[in-house]
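Now for the letters of each chain:
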Protein chains: 2
Amino acid sequence: MNEFALIQHYFKHAALAAQNEPANGVVLGIGDDAAIVQPPANQQLVITSDTLVAGRHFPENTAAHAIGWKSAAVNLSDIAAMGARPYAVLLAISLPQVDPDWLAQFSQGFFACCAPEQVQLIGGDTTRSNLLSITVTALGWVEQGKAIRRDGAKPGDLVLVSNTVGDAAYALHQPNSDVQARLDYPQPQNRLGMALSGYASSMLDVSDGLAQDLGHILAASHVAATVQLENLPLSSTLQQLPAQQAWQLALTGGDDYELCFTMAPKRFDQFCQRYAGQFQLQVIGHITQGTGLTLWHQQQPYDMNLQGYQHFD
Amino acid sequence: MNEFALIQHYFKHAALAAQNEPANGVVLGIGDDAAIVQPPANQQLVITSDTLVAGRHFPENTAAHAIGWKSAAVNLSDIAAMGARPYAVLLAISLPQVDPDWLAQFSQGFFACCAPEQVQLIGGDTTRSNLLSITVTALGWVEQGKAIRRDGAKPGDLVLVSNTVGDAAYALHQPNSDVQARLDYPQPQNRLGMALSGYASSMLDVSDGLAQDLGHILAASHVAATVQLENLPLSSTLQQLPAQQAWQLALTGGDDYELCFTMAPKRFDQFCQRYAGQFQLQVIGHITQGTGLTLWHQQQPYDMNLQGYQHFD
């Protein structure tokens with residue numbers, strides 16, 4: 001099967017089938033030199049590109065369906081982290097060989113992750129390589145000036161994180177635990193990301209460990225933060241670990257794809273009233289003047305090694 | 001050096017330095033979860049993503065500067081092929097190791113290719129991998145409805161190609177010839193692509209061989225074409241080869257990144273008047289009713305093996 005037939009079979013047809021309604025603003029999708037998109041009125045384009053390499057971003061033996069899901073998820077998570085509405089993706093995949101079963105599973109996982117927000121596949125590339133590698137580019141739209149950046153945190157803001165953190169890192173070291181799906185099927189927080197537009201003062205998604213990622217907000221916003229260790233949101237699985245080990249996973253484990261954000265206390269009250277019960281959020285600390293992150297435990301500063309994931313250490 | 005310092009040093013600073021004027025519509029570039037772009041009024045977004053893998057899309061021993069150039073060029077070429085104005089790129093690069101000299105050369109080549117049209121680097125990703133692989137996503141803008149697609153060729157249209165074809169394929173088999181630069185430093189035809197908006201009825205860039213790529217126009221437009229072999233534009237280097245060999249290279253050699261397009265004869269007259277002498281264009285045949293490509297030589301149909309580059313054969 002040649003490249004064109006391959007793309008046709010597994011991605012173009014699936015892309016069309018995955019569209020529940022007529023392509024919304026997609027003037028031209030897969031099959032030309034480039035896709036053509038009509039920008040919605042008064043919106044800004046949000047765009048990001050992330051690569052997943054076999055053996056580095058997922059274990060070599062990960063199921064194709066999970067690889068497909070995760071390839072979409074980590075990019076949609078970046079769109080969520082801007083407070084934008086995810087819109088479309090381009091998929092560039094390098095494959096050691098053409099395995100129809102693998103491709104069918106991969107594309108099903110990929111489209112399953114895109115489906116909830118009607119994210120459309122509009123382009124990409126398929127190449128042969130000795131190493132499985134996937135680069136997805138994700139596009140989103142956000143009202144002019146409403147994107148949530150990293151540089152807006154202010155002293156007095158609360159620091160929050162969605163759901164629980166540290167589970168994916170635990171799953172990486174303890175295969176087949178109760179939290180395996182947190183590693184294989186991360187859930188991009190797109191609904192929450194959109195809801196936070198107009199409320200959060202800064203935001204990012206947690207991919208390299210909460211402490212390191214929160215550090216990016218602090219650096220970009222020129223502020224400091226204190227985080228209460230006992231407030232870190234832990235799954236029931238991590239709650240069974242010794243506290244120190246659970247905190248380490250929660251603060252330095254990667255691959256969470258939860259949202260970490262800051263918000264003025266008054267805005268948080270308003271957000272909770274408007275979205276009562278819709279999202280699981282945890283206040284873990286607050287922003288102060290200064291620089292850096294300080295951990296506290298039972299009203300005392302607490303020292304921990306906070307080395308996060310470094311792709312090139 | 002960690003991932004963040006790496007990106008900062010070689011790409012973010014260089015991206016800023018490469019901008020001759022304040023970022024035109026780029027609200028937020030490298031350094032957040034995603035870039036933010038303000039779409040120009042009444043324009044449509046054109047977007048494409050292409051991967052280059054070491055040993056497949058360029059010889060392993062290719063200079064870093066040329067790899068950087070080519071990574072940008074093949075994607076800007078796709079924007080040219082839509083008749084759009086190239087605007088910005090995202091660079092996702094997977095590297096076996098951090099080699100400062102290599103990165104400096106790569107980024108210089110990359111930005112050198114982006115500079116003529118003030119194309120800005122607005123995002124991307126850097127990952128470690130055992131295999132050098134680069135995926136670039138290129139963005140362009142085109143007036144609403146003015147993009148040049150593959151499906152607009154009409155019987156009676158002329159078939160044209162820019163500059164010369166077959167040189168890159170020759171260089172691949174004959175290293176260090178006079179046309180080596182055609183392989184290492186393909187020139188994206190962005191000025192020509194923009195000029196052709198409103199004139200060409202269909203267009204694509206020649207990356208997998210002229211015959212195969214023209215075949216995509218024919219299939220998408222539901223038309224046939226005849227091409228005169230003696231009209232194929234050949235460099236002086238290819239003109240020294242036996243005619244059959246030169247035609248084979250011109251028709252089936254990949255990596256040309258020239259534009260192949262169709263245009264009504266009357267529109268071609270108007271184009272020539274408006275852009276007299278600015279572009280080197282060659283009429284190689286014309287569009288007819290029917291399907292498929294027929295080659296002619298001295299008023300006779302001519303049979304040739306026209307197998308183009310198939311990534312997954």
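Quick notes on the rules
- Residues numbered from 1 in each chain as written.
- Chains lettered and ligands numbered in written order.
- Predicted model: local features only at pLDDT ≥ 70, side-chain atom pairs only at ≥ 80, totals over all residues.
- Heavy atoms only, no water.
- Buried < 20%, exposed > 50% of the residue type's maximum accessible area, 1.4 Å probe, protein only.
- Helix = DSSP H or I, 4+ residues; strand = E, 2+ residues; numbered from the N terminus.
- Pairing = 2+ DSSP bridges.
- Axes fitted to C-alpha atoms, helices over the stretch in contact; angles between N-to-C directions.
- UniProt positions renumbered as here; feature names shortened; annotations may be inferred.
- Contact = heavy atoms within 4.5 Å.
- Polar contact = N/O pair within 3.5 Å; in protein donor to acceptor, adjacent residues only side chain to side chain.
- Salt bridge = Lys/Arg side-chain N within 4 Å of Asp/Glu carboxyl O.
- Nonpolar A, V, L, I, M, F, W, Y, C, P; charged D, E, K, R; others polar.
- Least-squares fit on C-alpha atoms with pLDDT ≥ 70 in both.
- Domains from an automatic or database assignment.
- Left-handed = near helix turned anticlockwise from the far one by under 90°.
- Right-handed = clockwise from strand over helix to strand, strands pointing away.

Caption draft 1: How the structure looks around the pairing of strand E10 (residues 259-263) of chain B. Residue and element names in this part refer to chain B. Summarising burial for E10: 5 of the 5 residues are buried, a large majority. On E10, burial covers both faces: Leu259, Phe261 and Met263 on one face and Cys260 and Thr262 on the other are all buried. Note: strand E7 (residues 158-162) against E10, 4 bridges, orientation antiparallel. Note on E10: the bridge partner recorded for leucine 158 is methionine 263. Here strand E8 (residues 202-205) runs beside E10; their pairing, made up of 4 bridges, is antiparallel. Residue pairing in the sheet places leucine 204 in a bridge with cysteine 260 of E10.

Caption draft 2: Structural context of the sheet that holds strand E3 (residues 43-53) of chain A. In space, the 6 strands of this open sheet follow the order E5(A)-E4(A)-E6(A)-E3(A)-E2(B)-E1(B), with mixed pairing throughout. Two strands lie at the open edges of the sheet, namely strand E5 (120-128) of chain A together with strand E1 (26-28) of chain B, each paired on one side alone. Geometrically, the sheet is characterised by an average inter-axis angle of 20 degrees between neighbouring strands, direction not taken into account. Of the strand pairs in this sheet, E3(A) and strand E6 (residues 133-143) of chain A are connected by 11 bridges, and their pairing is antiparallel.

Caption draft 3: Structural view of the UniProt feature "binding site: Mg(2+) 1" (unreviewed entry) in chain A. In the numbering adopted here, UniProt assigns the feature "binding site: Mg(2+) 1" (unreviewed entry) to Ser49(A), Asp50(A) and Asp125(A). Not counting chain neighbours up to four residues away, the residues in contact with Ser49(A) comprise Asn75(A), Thr135(A), Val136(A), Thr137(A), Leu90(B), Ala92(B), Gly124(B), Asp125(B) and Thr137(B). Within the structure, the side chain of Ser49(A) is placed 3.1 Å from the side chain of Thr137(A), a separation counted as a polar contact. Contact partners of Asp50(A), with chain neighbours within four places excluded, come to Val74(A), Asn75(A), Asp78(A), Ile134(A), Thr135(A), Val136(A) and Asp125(B).

Caption draft 4: Summary view of the interface of chain A and chain B. Counting from both sides, the interface comprises 64 residues of chain A and, opposite them, 64 residues of chain B. Summed over the shared surface of chain A and chain B, the number is 4 salt bridges. Asp32(A) is the salt-bridge partner of Arg150(B), the closest N and O atoms lying 3.5 Å from each other. Summed over the shared surface of chain A and chain B, the result is 21 residue pairs in polar contact (both at pLDDT 80 or more). With 10 residues, the top contributor of residues to the side of chain A that touches chain B is E3(A). By residue class, the composition of the side of chain A that touches chain B is 28 nonpolar, 23 polar and 13 charged. Across 3 bridges, the pairing between E3(A) and strand E2 (residues 35-37) of chain B is antiparallel.

Caption draft 5: Expanded view of the relation of the copies chain A and chain B. By a simple turn and slide, chain A fits onto chain B: the slide is 0.0 Å along the axis, the RMSD is 0.0 Å, and the turn is 180 degrees. Viewed as a symmetry operation, the transformation between the two copies matches a two-fold axis. Here 100% of the interface residues in chain A have copies in chain B that are interface residues too; the copies meet face to matching face.

Caption draft 6: Up close: the domain arrangement of chain A. Residues and elements named next belong to chain A. Considered domain by domain, chain A is made up of domain 1 (3-143) and domain 2 (158-299). Averaged C-alpha coordinates put domain 1 and domain 2 at centres separated by 26 Å. Seen at the junction of domain 1 and domain 2, the total is 2 salt bridges. Of the charged contacts in the structure, one is a salt bridge between lysine 70 and aspartate 255, with a shortest N-O distance of 2.9 Å. One can count 8 residue pairs in polar contact (both at pLDDT 80 or more) joining domain 1 with domain 2. Breaking the side of domain 1 that touches domain 2 down by element, the ones donating at least two residues are helix H2 (64-80) and strand E4 (85-95). Of the residues contributing to the side of domain 1 that touches domain 2, the split by class is 13 nonpolar, 5 polar and 4 charged.

Caption draft 7: Just the packing of H2(A) against helix H3 (residues 100-114) of chain A, in detail. Residue and element names in this part refer to chain A. Here H2 crosses H3 at 35 degrees, and the two axes come no closer than 6 Å. Seen from above, H2 lies across H3 with right-handed handedness. Judged by residue contacts, Ala64, His65, Ile67, Gly68, Trp69, Ser71, Ala72, Ala73 and Leu76 of H2 engage Trp102, Gln105, Phe106, Gln108, Gly109, Phe110, Ala112, Cys113 and Cys114 from H3. For the contact of H2 with H3, the per-class residue count stands at 12 nonpolar, 6 polar and no charged.

Caption draft 8: Structural view of the pairing of strand E4 (residues 85-95) of chain B. Residues and elements named next belong to chain B. Most of E4 is tucked away: 10 of the 11 residues are buried. As defined by bridge partners, E4 adjoins strand E6 (residues 133-143) across 9 bridges and the pair is classed as antiparallel. Its bridge partner being in E6, serine 94 is matched across the sheet by serine 133. Of the pairings in the sheet, the one linking E4 to strand E5 (residues 120-128) comprises 8 bridges and is parallel in character. Bridging across to E5, valine 89 finds its partner in leucine 121. With helix H3 (residues 100-114) bridging E4 and the parallel E5, this β-α-β connection has right-handed handedness.

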